Every structure is written in C-alpha cells, then in structure tokens.
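Structural overview
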Amino acid sequence: MYSLAFSILFVSFIILTLIVRFWLASRHIRHVLTHRGAVPAEFAEKIPLAAHQKAADYTVARTKFGLLALLINTLVLVGFTLLGGLQWLSVEIFKLTGGGMGYQLALLAAFAVISGVIDLPFDYYKQFGLEQRFGFNKMTRGLFFADMVKGALLGAAIGLPLMWVMLTLMDKSGGLWWFYAWLVWSGFQLLMMVLFPTVIAPMFNKFTPLEDQSLKSRIEGLMKRVGFASKGLFVMDGSKRSAHGNAYFSGFGANKRIVFFDTLLSRLQPQEIEAVLAHELGHFKLKHIIKRIVMMFAISLGFLALLGYLKNQVWFYTGLGVDPLLLPGQSNDAMVLLLFMLALPVFTFLFSPLTSIGSRKHEFEADAFAARHTDSRDLVSALVKMYEDNASTLTPDPLHSAFYDSHPPASVRIRHLNAAAAA
Ligand SMILES: [Zn+2]
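All figures in this text were calculated on a predicted structure; none of them were measured in a lab.

With that settled, the discussion passes to the side chain of His 288. Residue position: His 288 is located in helix 10 (residues 288-310). On the basis of relative accessibility, which here comes to 0%, the residue His 288 falls in the buried class. Side-chain polar atoms of His 288 contact the side chain of His 283, separated by 2.9 Å. Beyond its immediate chain neighbours, meaning those up to four positions away, His 288 contacts Gly 282, His 283, His 362, Glu 365 and Ala 366.

Laid out in structure tokens, this is it:
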C-alpha cells in the first residue's frame, strides 16, 4: 500500500520536474532568439553583433542538448528503479560474487560503470560536437579518453575505500550509523578540499606559479590591502582542454591558492585581472566559502538522517522497484545507497532556486567588495570580455535565470557595479 503510494509520488515528481524543466528551457530559447537580432543597448559599444549572435546560438544549442540528456537520464532512472534494472543487476552481481562485502562493493561499482558508459556518448558529443562547433574544444580525442581512464581509476581508488567504510558503519555501528557516517563524510569532504588543489587537480593540469612580475606585485598589493594570506598564485593550462576562461579559488587554511586559467590571463589587462581577483577574495573575506561548507554539512546531516530512517522502510525499496527480501541473508545497504542517490534529486530539484538565490546574493556581495577595493570599471570590462569569450548570453530568460543561475545576469551585475562606481 505504502509502496504503491510512494511509486506514485516518485513518478509524479519525475513528471513535474520534466514539465518545469521543459517549460523553462523553451522560455529560455524563445527569449534568447527574440533578442538575437541586436546587442542589448548597454553592451552595444562593447560587444560586436557577431559575438552576440554566436552566444545566442551557443545558448540555444546547449539548452536543447540539455533537454535531450534530461530525457535519456529520466529513462535510465526509471529503468534502474521502477522497471527493475537495479533488482536485476543485484541478482547478477550476487551470482558472480556470492554475497557479502564483495557483493555490496561490486554492486556500487557496476552501477558506476553502467552510468559512466551511458554518459560517455553524451560527454563525447558535448566535447567534439557542441563545443567543437563553437570553437571551444581544444582537446584531442587521446586526451579525452586519457582523462576518462584517469578519472575512473581515481574514482575507484577514492570511492571504493570510502564506500567500504560507509557500508561497514551501516552494518556494524547500530541505530546511529547515519551520524557516524556523517562524521566520516564530512571529514572526507574536508580532506578532499585539501587534496583536490594539491594532489588531484595537478594530475589533470599543469599549475605554474604566476611569473609576470609586475602582475604579481600588483596582485600582492591587493592581497595586502584586503588582508589575505595565500600559499600562491597559480596559472593553470586550461587551454589544453577548452577555450573557456575562468579564475577560481581553492583549498582552505594554509592551503588556499588562487588559480587563473591561462586562457583568462591572456585576454585580460592587469587591472582587470586584479578586479577579478578582488571579487574572488571578496568571497573569502565575506566568509561565503565557510558559510557554504557549513550549509553543505548541515544539509548532508539532514539527508543522512533521512536515509537512516528510509533504510528500514520496506516501502522505500518496493516503491522503487526493488524487493529487499529477494536475496535472503544479504545486506541491502549498498542497494539503499543507490536508491537514495537516484531518488533524492527527483524530490529536491524544485528547491534548486533556493540555492541559486543564496549564491546570487553572494555574487553581488563579492562584486561590491571588488568595487570597494579596486576600480569597479575594471571589473565591468573584465566581465564583458568573459561573457563574450565564453559566449554566455546577455539576454537570458529572467525566470530561467532565477531558477538555475548561480550568477546574476550580466546586465544586472553591471548595473549594480556602475551604481557602485557612481556612489
Ligand atoms: Zn563569484
């Protein structure tokens, strides 16, 4: 009874999510195409019409591709759950492994491999079809597949021990297992924040200390002004894979570092780079990063507590197409992790605007910080260049943008910055 009700709820949320996503995408495409004919007045002197139209075409192509991927992913989701895919997989893996921890880990690994294989044609098309067509792909096919193999090995090397710890806690640590699992998960996240910039990212890219002396002293001056100590300024060879440019900030404590993509450095003037950096430092100085981490930990505690409850509810399994008693004597822990991971996004998607709102608020604050410590006109001109180079649309549908975008639309950001400059 409960299980049928849960299946109906699950399907209803899937359909609702599909409707909302298709509706937002079609609004977005229509809006972008309607404004394709002319560069918005406020950018008319800065961005050529051809670049504006390229951004429109790129946005439409990406949005359509996103819808295709959404449809396939939804079919895969239903196939794994209600149509019995996971149930079938677990029986086959059980026959191969004979049960126990080996069965549990093999089930998780098999799921990861199958998902990866399904994603592969999409990833491939995205890089060598879509990105290629708009001139953004800089990857060779060799590099694409090398990345894939490296990523899979790394995922196994990190994921399997982590899952072994999680499954052991689920099995042996009693009713509060989810709390211990949360402690391990949080510790793991913190460890990754240290290891990612120092160990993992360098496996894929080369990071060289910023060498341009005049730029370096300019940046060091800014860091001193705002009171920020960092292990270093690095340039990353992003051009090896893509023409898209970016700057980011990673690590924490003594490990924090600022990373510029070489693609970005080659396009911006020193004062623009300083302004972009001031924005990134703003995120740090205004404690956005620590707030985000605390929020992430609180949310994962809530979700793990929920999982602690669902693990013992038969309807959660049967409602998602799995009979928990099918393999007697075998633990369902790996299975419940998979079901939870598959079902959760279906129920949380409609709340994603909340994250976007929080994130956009931080972006405005970081922009205002940059305007206080550098010339806001430099940030404006850097933003315009970044929008043009990345073919980001200047005319997103307002509702689409409010729902998904972590950053406010360019015109709104620039209006705020110009107001700051006038004040
Ligand atoms: Zn930002």
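Take the sheet that holds strand 2 (residues 232-236) next. Taken together, the four strands give an open sheet; going across it, the order is 1-2-4-3, and neighbouring strands pair in mixed fashion. Two strands close off the open sheet at either side, each with one partner strand: strand 1 (207-209) and strand 3 (247-250). Strand after strand, the sheet turns through a mean of 30° between neighbouring axes, direction not considered.

Here the focus is the coordination of the zinc ion. With distances of 2.1 to 2.7 Å, the protein atoms coordinating the zinc ion are His 279 (NE2), His 283 (NE2), Glu 363 (OE) and Glu 363 (OE). Bound by four donor atoms, the zinc ion shows angles of 52 to 137° at the metal and therefore irregular coordination geometry. If you list the donors of the zinc ion from N- to C-terminus, the spacing comes out as H-x3-H-x79-E. Placement of His 279 in helix 9 (residues 270-285) and of Glu 363 in helix 13 (residues 352-373) is noted, with a sequence separation of 84 residues between them. A single burial state applies to His 279 and to Glu 363, both of which are buried.

With that out of the way, let us pick up the side chain of His 362. Take His 362: it is sitting in helix 13. Excluding anything up to four places from it in sequence, His 362 contacts His 283, His 288, Lys 291 and Arg 292.

Another aspect to go through is the nonpolar core. Within the largest apolar cluster, 49 residues are counted, with the highest numbers of intra-cluster contacts made by Phe 10, Leu 86, Leu 107, Phe 316 and Leu 339. It is helix 12 (residues 333-348) that contributes the most residues to this core, 12 residues altogether. Non-local contacts of Leu 107, meaning those with residues more than four positions away in its chain, are made with Leu 89, Ser 90, Ile 93, Ala 334, Met 335 and Leu 338. By size, the runner-up hydrophobic cluster in this structure holds 45 residues, among which are Ile 219, Leu 222, Phe 260 and Leu 379.

As for its placement among the helices and strands, Glu 274 is situated in helix 9. Residue classification places Glu 274 among the buried positions, given a relative accessible area of 9%. Between the C-alpha atoms of Glu 274 and Phe 179, which are 95 residues apart in sequence, the distance is 43 Å. For Glu 274, the contacting residues outside a window of four places in its chain are Arg 218, Leu 222, Arg 225 and Thr 374.

This paragraph deals with helix 1 (residues 2-34). Look at helix 1: 48 Å from first C-alpha to last across 33 residues, which is about the 48 Å you get at 1.5 Å a residue. Taken together, the buried positions of helix 1 are Phe 6, Ser 7, Phe 10, Ile 14, Thr 17, Leu 18, Val 20, Leu 24, Ala 25, His 28, Ile 29 and Val 32. Contacts made by the buried residues of helix 1 are with helix 2 (49-80), helix 11 (314-318), helix 12 and helix 15 (398-404).

Here we come to unusual backbone geometry. One non-glycine residue with positive phi stands out, namely Lys 287, at about 65°. The phi torsion at Ala 391 lies on the positive side, around 50°, for a residue other than glycine. Mapping Ala 391 onto the fold places it in the loop between helix 14 (376-389) and helix 15.

What follows concerns the pairing of strand 2. Two faces make up the sheet, and in a regular strand the side chains alternate between them. Within strand 2, five of the five residues are buried, leaving the element largely enclosed by the surrounding structure. With burial as the criterion, each face of strand 2 is covered, one bearing Gly 232, Phe 234 and Met 236 and the other bearing Leu 233 and Val 235. Looking at chain direction, strand 2 and strand 4 (residues 257-261) are connected through five bridges and run parallel. From the neighbouring strand, Gly 232 faces strand 4, where its bridge partner is Arg 257.

Conventions we followed
Position labels on residues start from 1 in each chain and follow its written sequence. Note on the predicted model: pLDDT of at least 70 is required for a residue's local features to be given, and 80 or more for side-chain atom pairs to be given and counted; whole-chain, interface and lining totals, by contrast, use all residues. Side-chain measures were taken over the full set of non-hydrogen atoms in the model, leaving aside hydrogen atoms and water. Secondary structure elements follow DSSP: runs of H or I of four or more residues count as helices, runs of E of two or more count as strands, with numbering from the N terminus. Only protein chains enter the area calculation, which uses a 1.4 Å probe; residues under 20% of their type maximum are buried, those over 50% are exposed, and those in between are partly exposed. Polar contact is defined as a pair of N or O atoms within 3.5 Å, subject to the rule that within protein one atom must be able to donate a hydrogen and the other to accept it, and that residues adjacent in sequence are counted only when both atoms are side-chain atoms. Contacts are assigned to residue pairs with any non-hydrogen atoms lying within 4.5 Å of each other. When DSSP locates at least two bridges between a pair of strands, those strands are taken to pair. Here an axis means a line fitted to C-alpha atoms, over the contact stretch when the element is a helix, while the angle between two N-to-C directions is reported on a 0 to 180 degree scale. For Na, K and Ca the donor cut-off is 3.2 Å; for every other metal, N, O and S atoms count as donors within 2.8 Å. Water does not enter the count, which can leave sites looking incomplete. Four donors are marked tetrahedral only if all angles between them lie between 85 and 135 degrees, whereas four are marked square planar and six octahedral if opposite donors are more than 155 degrees apart and the other angles lie between 65 and 115; the remainder are marked irregular. Definition used in this section: a nonpolar core is a set of buried Ala, Val, Leu, Ile, Met, Phe, Trp, Tyr and Cys residues joined via side-chain atoms within 4.5 Å. Working rule for helices: expected span equals 1.5 Å times residues minus one.

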